[in-house]
Amino acid sequence: MRTREYSIIVIIVLLTIALPIIGDWSSTIQISKDFSEVVNQQLAYQSTTLVITIIFLLLLWRFKSTEFTNYFKKGTIDAMITPVPQVGIKPKSTENWIHLGINFSVIITLVTVVVIYFQVIHNNEFDYSKLLYALPISIGFALVNSFVEESITRLGIVVVLKNSIQDKHIMLVSGILFGCVHYFGTPGGISGVLVAGFLGWFLAKSILETKGFFWAWLIHFLQDIVIITAMLATQ
């Protein structure tokens, strides 16, 4: 890799580390007394990280325009799947990324529900009456949060490393980076690292094989709805 690529990788690592730091900072911000603590925190966090992400995407477009144009789009959502039998990805000849994307959307969302139940809901008072209030708010926050994290830790990695290292190594880099930063996140701890690490690997695979952002953003979005809804309903 050239110096430029190394520099952008450093920026990606720093931005990834900065996300939980910004999260801690935003918990001290009160935008409105009419909003709950979680809503205030999310508004401060989402607005800050979205501005940072837009600047980062402009940087990617400026210095890696070809790769950025190739992957910052919907992509071919029914692209062929590269099998990975070691983790159970063994598609039939009639299956493509639509089948795999839908299946993993359900599986990863259900795994997230289980992890969040034991890490957030189990030892807290979960107010089911707040679900109707929390869901539309969490959808908005999840759209932004998933876009921010996918742009930095997934699209950024793919765009910068494409044609410098093999695709399978790009997936590993994304998985390791995304997994490590979630040790202090939600879900957190070792289980959070494993879930987020696999998710980082899988979503990088989706971007590389479909040449687009669709499945990565959608799957991450669904996961974030679960996480943010649980946060809103247990405050």
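Shown above is the structure to which this text applies.
This is a predicted model, so every value here is computed, not measured. (Residues numbered from 1 in each chain as written. Predicted model: local features only at pLDDT ≥ 70, side-chain atom pairs only at ≥ 80, totals over all residues. Heavy atoms only, no water.)

Draft legend 1. Spotlight on the overall build of the protein chain. Of the regular secondary structure elements, the protein chain holds 8 helices and 0 strands. Of the regular secondary structure in the protein chain, the N- to C-terminal order runs α-α-α-α-α-α-α-α. Against the globule reference of 18 Å for 235 residues, the protein chain gives a C-alpha radius of gyration of 18 Å, in line with a compact fold. Considering only C-alpha atoms, the protein chain reaches an extent of 50 × 40 × 30 Å along its principal axes. (Helix = DSSP H or I, 4+ residues; strand = E, 2+ residues; numbered from the N terminus. Rg over C-alpha atoms; globule rule 2.2 N^0.38 Å.)

Draft legend 2. Focus on the pattern of salt bridges. Scanning all chains against the criterion turns up 5 salt bridges. Between K64 and E67 there is a salt bridge whose closest N-O contact spans 3.8 Å. We classify E67 as buried; its relative accessible area is 15%. Of the charged contacts in the structure, one is a salt bridge between R154 and E150, with a shortest N-O distance of 2.8 Å. Of this pair, R154 and E150 both sit in helix α5 (residues 131–161), 4 residues apart, which is roughly one turn of that helix. Of the residues examined, R154 reaches a relative accessible area of 0% and is grouped as buried. Residue class for E150 comes out buried when judged on its relative accessible area of 0%. Each of E5, K64 and E67 takes part in one network of salt bridges that share partners. (Salt bridge = Lys/Arg side-chain N within 4 Å of Asp/Glu carboxyl O. Buried < 20%, exposed > 50% of the residue type's maximum accessible area, 1.4 Å probe, protein only.)

Draft legend 3. How the structure looks around the environment of H182. Among the structural elements, H182 can be located in the loop between α6 (167–181) and α7 (189–210). For H182, a relative accessible area of 13% gives the class buried. A sequence separation of 14 residues divides H182 from K168, and the C-alpha atoms of the two residues are 22 Å apart.

Draft legend 4. Fine view of unusual backbone geometry. Although it is not a glycine, N163 adopts a positive phi angle of roughly 75 degrees. Mapped onto the elements, N163 comes out in the loop between α5 and α6. For K211, which is not a glycine, the phi torsion comes out positive at approximately 55 degrees.

Draft legend 5. Just the nonpolar core, in detail. I12, L60, I89 and F202 are the most contacted members of the largest nonpolar core, which totals 45 residues. Of all elements in the fold, only α1 (3–26), α2 (37–63), α3 (65–71), α4 (97–121), α5, α6, α7 and α8 (214–233) reach the threshold of two or more residues within this core. It is α5 that contributes the most residues to this core, 9 residues altogether. Those residues in contact with F202, other than ones at most four positions away along the chain, are I89, W97, L100, F104, I108 and I219. If you look at the next biggest cluster of nonpolar residues, it comprises 9 residues, including F141, F221, I225 and L232. (Core = buried A, V, L, I, M, F, W, Y, C linked by side-chain atoms within 4.5 Å. Contact = heavy atoms within 4.5 Å.)

Draft legend 6. The arrangement of the packing of α1 against α2 in detail. Where α1 meets α2, the closest approach of the two axes is 10 Å, and the angle between their N-to-C directions is 175 degrees. By the angle between their axes, α1 is roughly antiparallel relative to α2. Listed contacts from α2 to R4, I8, I11, I12, L15, L19, I22, G23, W25 and S26 of α1 are Q41, A44, Y45, T48, T49, I52, F56, L59, L60 and F63. Its residues placed into classes, the contact of α1 with α2 shows 14 nonpolar, 5 polar and 1 charged. (Axes fitted to C-alpha atoms, helices over the stretch in contact; angles between N-to-C directions. Parallel < 35°, antiparallel > 145°, perpendicular 65-115°, else oblique. Nonpolar A, V, L, I, M, F, W, Y, C, P; charged D, E, K, R; others polar.)

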